[in-house]
Structure formats: C-alpha cells, structure tokens
Amino acid sequence: GEGPWQEYPRPSLRRESYLCLNGEWEFAASDASREPAAFDRRITVPFPPESRLSGIATVFPDGTGLWYRRRFTLPEGFCRGRVILHFGAADQTARVWLNGKPLGSHEGGYSHFSFDVTDALTAGENLLTVCVTDELDSHILPYGKQKHKRGGMWYTPVSGIWQTVWAESVPAEYIKDILFETRGDRVFARIDGATAGEIRVFTPDGEFSVPFSDGRAEFTLDSPRRWSPEDPYLYRAEVTAGEDKIRTYFAVRSLEIKTVGGFPRLCLNGKEYFFCGVLDQGYYPDGIFTPASPSLFEDDITAMKALGFNTLRKHIKVEPELFYYACDRLGMVVFQDMVNNGAYHFLRDTALPTLGIGKHRSDRHLHRDPETRRRFREGMESTVLALEKHPSVCYWTIFNEGWGQFDSRNRYEELKELDRSRFVDTASGWFSCGDSDVESLHVYFRPVRLPGSEKPLVLSEFGGYSWKIQGHAFNLEKTYGYRYFEDGASFMDALETLYRTEIIPAKDRGLCAAVYTQLSDVEDETNGLVSYDRAVCKADKTRMRAIGQELTHF
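Residues numbered from 1 in each chain as written. Predicted model: local features only at pLDDT ≥ 70, side-chain atom pairs only at ≥ 80, totals over all residues. Heavy atoms only, no water.

Points about unusual backbone geometry
Okay, step 1: In this model, Val-45 is joined to Pro-46 through a cis peptide bond whose omega is 20°.
Okay, step 2: Inspection of the secondary structure assignment puts Pro-46 in the loop between β3 (41-45) and β4 (65-73).
Okay, step 3: A cis amide bond links Asp-91 with the next residue in sequence, Gln-92, at an omega value of 5°.
Okay, step 4: Residue placement: Gln-92 occurs in the loop between β6 (90-91) and β7 (93-98).
Okay, step 5: In this structure, Asp-214 is a non-glycine residue whose phi angle is positive, near 55°.
Okay, step 6: Given the relative accessible area of 68%, Asp-214 is considered exposed.
Okay, step 7: Phi at Phe-431 is positive, roughly 60°, even though this residue is not glycine.
Okay, step 8: Counting through the fold element by element, Phe-431 comes out in the loop between β27 (423-428) and β28 (439-443). (Helix = DSSP H or I, 4+ residues; strand = E, 2+ residues; numbered from the N terminus. Buried < 20%, exposed > 50% of the residue type's maximum accessible area, 1.4 Å probe, protein only.)

Below, the structure is given as structure tokens:
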C-alpha cells in the first residue's frame with residue numbers, strides 16, 4: 001500500500017485479510033454538530049493534526065469538529081462474510097459514518113475500537129466519514145501530559161486520529177481474541193468468539209497441535225524456554241476455528257516477590273532480577289504521539305538496550321500494539337502507566353511532596369466527581385485488557401505523583417481482579433495510601449536514601465540530568481531539567497557518579513528497580529539520554545553498559 005504505517009497493526013492476532021486505510025484523507029476543522037459543506041484540506045493519517053507529519057500542524061480549540069473523509073473500494077474477493085473496520089486510537093471522542101449510515105461512536109483517546117460495517121458497504125466505492133472532538137480542558141477523559149498551555153513537563157496536545165485505520169474480513173463466526181496464560185510448564189489458552197478448533201504450537205523442538213472446545217485449551221511444554229530481556233523467546237502459534245485462521249504468539253515467564261538475603265525482591269522466572277530502566281514518554285518532534293514509522297519504536301528500544309537498560313517505564317501513555325510487540329521481540333520489559341485524568345495542582349501534587357510535605361495524606365475523598373472516577377476506571381480496564389497478552393508488560397502503575405488519584409486501595413483491588421500475574425505499583429512517587437506490591441519512590445534534587453520497607457523498593461523516577469545540545473533542541477529560549485550541564489564530559493561524569501555512588505550501593509540495601517528520567521528529550525525537557533530528534537546519544541555506551549552489568553548481576 002501507499003502511505004505511512006502500512007505495517008500490520010495487530011501482531012497478536014494476525015489474519016491474512018488486511019486493508020490499510022492510512023495515507024491522505026480529506027480534512028476540515030469546523031462545527032462538530034454538522035458535516036462541513038467542504039473538506040478543503042488534506043491530512044496524512046495516522047498523524048495527529050497538531051503534528052508536522054499530518055500536513056496540518058495546527059492546535060485547534062477544545063470542541064472543534066475534526067472532520068475526516070476518504071473513499072475506498074474493497075479489493076476483489078476481499079469479503080469473506082463480515083467486514084470489520086478498526087481504529088487504533090482517536091483522541092478523544094470519535095463518531096463514524098459509512099456511506100452516510102452512522103456506525104457508532106467511541107470515547108477515550110488511548111483505546112482501540114472497531115465496527116462491523118458489512119451492512120453499510122456498497123459494491124463499488126465507499127465513503128468513510130469520521131468526526132473527532134477533544135475536550136481536553138474538562139479533564140474528564142484520560143489525557144496524560146497534554147496541555148493547551150504547553151511548557152516544562154507539559155507537552156503539545158494531540159487530537160484526532162493518531163493510530164492506524166484498517167479493515168479486515170472475517171467469516172460469520174470468527175476468533176475475536178486469544179489469551180495465553182502460563183503457570184510453570186502449563187499453558188492455558190482462552191479463545192474468544194470461537195468455541196471449537198485447533199491450536200498449532202511451534203517450539204524449538206518442532207510443532208504439535210492441541211484441540212480446544214468451549215473456547216479453552218491447555219497443554220504442557222517440555223522444559224519451556226523462558227522469556228527474559230536476555231533471551232526474549234516467543235512461541236509462535238496458529239489457531240484455526242471453522243473457516244477462520246489466525247497467527248499469534250505467546251511467551252513463558254513468571255513474576256513473583258520473594259525474600260532473598262533478607263530483602264523482598266522482584267523476581268523474574270523465579271530468580272531475583274534488577275529492572276534497570278528509563279522513563280519513556282513516547283513523544284516525537286515531527287509526529288508528537290505518532291512516530292514517522294513504527295521502526296522508530298525499535299530504534300528507541302535497541303538504543304536503550306545498547307546503554308545497558310532492560311526496562312522502559314511507559315509514562316502516562318498507551319502505545320499502538322506494534323510498540324509492545326517490538327518490546328516482546330527485542331527483549332525489553334515494560335512498566336506500564338495508566339493514563340491519568342482529573343485536575344492537577346502544582347502545589348499539592350508536586351511542590352510540597354518534592355519537599356517531603358503532605359506525602360501521606362488519604363486519597364479517599366480526592367477527585368470526587370463520579371464521572372471523572374468512572375472514566376479513569378474505564379481507561380484502566382481497557383489498558384489492561386489491551387496489553388495483558390504482551391509478555392514484556394510486567395508491571396502496572398495506577399497513579400503517578402497524585403495526578404487524578406482517588407481511593408487507591410480500591411483501585412489496587414480492582415486491578416488485581418483484572419490481572420493477578422503482574423506487579424502493581426499503586427502510587428508512583430508519593431501519596432501511597434495503602435495497598436501496593438512495591439514501595440515506589442521518586443527522588444530528585446537530593447541523594448537517594450532508601451527507607452526500610454516490607455515491600456520491594458522501586459526508584460520509579462530519578463536523575464533528570466539536562467544537557468541541551470544546540471541544533472537538536474525544541475525550545476531555544478527555555479530549558480527544563482533537574483541539574484544542568486554545559487558539555488558532554490561533565491554530563492557523563494555526573495551520570496556515572498550518580499549510578500556508582502547512589503544506585504549500585506542501594507541494590508544491596510533492597511533496591512529492585514531504578515528508572516532514570518529519561519529516554520529522550522521532550523520539547524522543553526532536555527534531560528533525555530538521547531536528543532528529541534534521536535540524532536544524538538548523550539551517554540557513553542561503554543560506561544553505561546558497565547553500570548548496567550553491575551546492576552543486573554547477582
């Protein structure tokens with residue numbers, strides 16, 4: 001196909017049937033209540049209209065109707081019974097029509113959605129119309145780091161379609177989803193949408209088949225090869241049910257907390273493991289939320305692996321599935337944040353807690369608006385259901401530094417109901433009000449000193465050292481970071497000193513994970529290990545790798 005992002009968007013459930021609708025669409029920004037008389041502009045999907053890559057590069061006021069239109073004809077022999085139209089994500093509320101018939105709407109800027117469009121299709125050319133509106137300033141739907149008044153730790157907002165739009169054809173009865181869970185050498189498969197069929201599993205020693213009925217199957221792997229960043233082995237599988245056939249994959253890995261050497265430790269595959277990580281915001285100067293190509297996900301992952309890291313903390317953003325697939329394949333653990341909603345208060349949520357004031361107050365009555373609470377819980381559930389199939393995702397963060405935080409004890413219980421197989425960090429940074437699998441700290445502006453804890457200790461943010469590289473900076477006037485350096489040598493020396501004097505010694509006192517701020521510069525923030533355009537790596541690979549080896553060696 002023509003245009004960007006032609007890659008198959010859903011590797012965990014791959015069908016031969018695939019029609020990518022990315023590329024040039026007609027576009028208009030106008031009143032959201034009625035279709036504009038003219039679509040007088042062109043936009044490149046899937047880039048948000050605020051981005052340069054979209055060809056629009058405009059930030060629109062809240063509530064503007066972002067109207068998209070494109071014509072398409074289904075290829076000969078495409079239709080096998082039903083046709084499903086998929087949207088990776090649109091921020092925040094999307095309404096969709098096909099040939100003038102309303103298909104429905106979807107709310108939530110970070111979750112995928114789809115429509116069965118079979119009954120609205122015509123034999124020849126079809127007209128697809130989408131209207132997206134974004135009410136960012138209401139703070140009701142999850143919005144993360146987007147702000148109209150960008151600057152510092154707030155970034156250019158996005159709206160509209162920002163992930164792949166595509167269609168597939170399926171038989172009348174088809175596999176809607178599949179989830180593999182592993183316990184020891186036992187594998188349990190749950191197939192949604194199909195009751196009976198067969199799973200073919202490909203292993204290093206050959207292949208075998210198991211039947212499934214009632215949407216369930218279980219089988220044993222002889223001496224399974226376990227997934228880890230050091231050996232990211234994926235088992236490939238094919239699932240056949242009636243006329244439907246999909247390709248998928250799964251991995252075998254376990255996560256648990258054990259006391260080792262007098263300290264509670266995070267364990268991967270039964271052994272203590274040090275999660276040596278970086279904060280990853282997932283922003284790009286030309287596409288904002290959406291990199292020019294999914295290959296840039298791989299570039300970020302391999303750049304961090306080359307610096308000795310094994311973990312990315314995906315910060316307050318949910319990515320397209322291709323990001324998590326790259327982490328599964330390349331061997332990069334993901335600590336996944338939920339995307340916050342609710343209002344933010346600098347004094348309450350950042351300034352005072354950074355000084356150590358008011359870190360432990362109750363959150364039962366914070367953010368009391370029932371609709372805002374409901375939307376957060378919806379977003380949390382959709383994030384878990386979308387990502388639980390990825391072995392790279394090992395850890396969920398519910399709240400970050402109090403943003404939108406409410407009644408966290410019940411949120412912890414809710415998340416554990418959804419997924420008992422991963423670590424849960426209820427409150428990253430501060431405001432820990434009860435149940436959490438870890439003690440999660442942010443330390444800036446002072447030395448890292450660890451409290452005694454009955455839980456595994458995670459330094460979920462630290463560092464933030466800033467070295468602004470001329471010619472590779474977004475904001476020439478303002479610079480944002482936590483400690484400033486004028487040249488690469490002093491930056492690297494300070495970074496190495498930080499790890500050697502504060503992080504490595506802390507490992508012997510119970511530290512289980514350390515997440516450095518951050519992977520790349522983002523807009524005003526120049527505290528990345530690489531520049532915002534990814535052209536310059538500021539850190540010395542040999543020295544960083546040596547640090548990583550010391551941290552991860554037990």
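Don't stop here, the text continues.
A closer look at a nonpolar patch on the surface
Okay, step 1: Taken together, the side chains of Leu-347, Leu-352, Leu-355 and Ile-357 define a hydrophobic patch exposed on the protein surface, amounting to about 390 Å² of accessible area.
Okay, step 2: Tracing the sequence through the fold places Ile-357 in the loop between α3 (346-354) and α4 (370-387). (Patch = residues over 30% accessible without salt bridge, like charges linked within 9 Å, V, L, I, M, F, W, Y side chains within 5 Å. Areas by Shrake-Rupley, 256 points an atom, 1.4 Å probe, with all protein chains shown as cover. Salt bridge = Lys/Arg side-chain N within 4 Å of Asp/Glu carboxyl O.)

Brief notes about the layout of surface pockets
Okay, step 1: Empty space within the largest pocket amounts to approximately 1000 Å³.
Okay, step 2: Lining the largest pocket are 42 residues; nearest its centre among them are Arg-10, His-112, Asp-177, Ala-386 and Lys-389.
Okay, step 3: Elements represented by at least two residues in the lining of the largest pocket include exactly β5 (82-87), β9 (113-116), β12 (165-170), β13 (177-183), β14 (186-192), α2 (321-330) and α4.
Okay, step 4: Broken down by element, the lining of the largest pocket gets its largest block of residues, 5 residues, from α4.
Okay, step 5: Per-class residue counts for the lining of the largest pocket are 19 nonpolar, 10 polar and 13 charged.
Okay, step 6: Empty space within the second largest pocket amounts to approximately 520 Å³.
Okay, step 7: A per-element tally of the lining of the second largest pocket places β13 first, with 5 residues.
Okay, step 8: For the lining of the second largest pocket, the residue count by class is 9 nonpolar, 5 polar and 10 charged. (1 Å grid on protein atoms, 1.4 Å probe; cavity = no way out; pocket = protein on both sides within 12 Å on 5 of 7 lines; lining within 4 Å. Points joined across faces, edges and corners; volume = space filled by probe spheres on them. Nonpolar A, V, L, I, M, F, W, Y, C, P; charged D, E, K, R; others polar.)

Observations regarding the packing of helix α1 (residues 295-306) against α2
For any two helices packed against each other, the geometry comes down to the angle between their axes and how far apart the axes lie.
Okay, step 1: Their axes nearest at 9 Å, the elements α1 and α2 cross at an angle of 35°. Viewed along their axes, α1 and α2 form a crossing whose handedness is right-handed. Across from Phe-297, Glu-298, Ile-301, Thr-302 and Lys-305 in α1, the residues of α2 making contact are Leu-322, Phe-323, Ala-326, Cys-327, Arg-329 and Leu-330.
Okay, step 2: The residue makeup of the contact of α1 with α2, split by class, is 7 nonpolar, 1 polar and 3 charged. (Axes fitted to C-alpha atoms, helices over the stretch in contact; angles between N-to-C directions. Left-handed = near helix turned anticlockwise from the far one by under 90°. Contact = heavy atoms within 4.5 Å.)

Some words on the packing of helix α6 (residues 488-507) against helix α7 (residues 541-552)
Okay, step 1: Their axes nearest at 10 Å, the elements α6 and α7 cross at an angle of 5°. The pairing of α6 with α7 is recorded here as roughly parallel in orientation. Residues Met-492, Asp-493, Leu-495, Glu-496, Tyr-499, Arg-500, Ile-503, Ile-504 and Lys-507 of α6 form the contact with α7, whose own contacting residues are Arg-543, Met-544, Ala-546, Ile-547, Glu-550, Leu-551 and Thr-552. (Parallel < 35°, antiparallel > 145°, perpendicular 65-115°, else oblique.)

Thoughts on empty space enclosed by the protein
Okay, step 1: Scanning all chains against the criterion turns up 6 cavities of 30 Å³ or more.
Okay, step 2: Counted as a void, the largest cavity has a volume near 90 Å³.
Okay, step 3: Considering the residues around the largest cavity, the lining is formed by 14 residues, among which Glu-50, Phe-60, Pro-61, Asp-134 and Ser-159 are closest to the centre.
Okay, step 4: Of the residues contributing to the lining of the largest cavity, the split by class is 6 nonpolar, 5 polar and 3 charged.

Points about the nonpolar core
Okay, step 1: Core analysis: the largest hydrophobic core is formed by 99 residues, its most contacted members being Met-304, Tyr-499, Tyr-516 and Leu-529.
Okay, step 2: Core analysis: the next-biggest nonpolar cluster, separate from the first, contains 31 residues, Leu-74, Val-83, Phe-115 and Ala-167 among them. (Core = buried A, V, L, I, M, F, W, Y, C linked by side-chain atoms within 4.5 Å.)

Points about the state of the cysteines
Okay, step 1: Overall, the coordinates contain 0 disulfides when judged by the stated rule.
Okay, step 2: No disulfide involves Cys-79; its sulfur sits 19 Å from that of Cys-20, the nearest cysteine.
Okay, step 3: Take Cys-537: it sits in no disulfide, and the sulfur closest to it among the cysteines is that of Cys-276, at 14 Å. (Disulfide = S-S within 2.5 Å.)

Describing the side chain of Glu-168
Okay, step 1: Tracing the chain through its elements places Glu-168 in strand β12.
Okay, step 2: Under the relative-accessibility criterion, Glu-168 is labelled buried at 1%.
Okay, step 3: One polar contact links Glu-168 to Arg-15, side chain to side chain, over a distance of 3.1 Å.
Okay, step 4: A distance of 2.9 Å separates a polar atom in the side chain of Glu-168 from a polar atom in the side chain of His-86. (Polar contact = N/O pair within 3.5 Å; in protein donor to acceptor, adjacent residues only side chain to side chain.)

Structural notes on α7
Okay, step 1: Helix length check: α7, at 12 residues, gives a terminal C-alpha distance of 16 Å against a target of 16 Å (1.5 Å per residue), a fit within 8%.
Okay, step 2: Buried residues of α7: Met-544, Ile-547, Gly-548 and Leu-551, and no others. The arc enclosing the buried residues of α7, seen along the axis, measures out at 100°, which places them on a common side. Along α7, exposed side chains directed more than 90 degrees from the buried face belong to Thr-542 and Gln-549.
Okay, step 3: Against the buried residues of α7 lie β23 (275-280) and α6.
Okay, step 4: Between a side-chain oxygen at the N-terminus of α7 and the backbone nitrogen of Thr-542 the separation is 3.0 Å; the capping residue is Asp-540. (Expected span 1.5 Å × (residues − 1). Arc of directions from axis to C-beta.)

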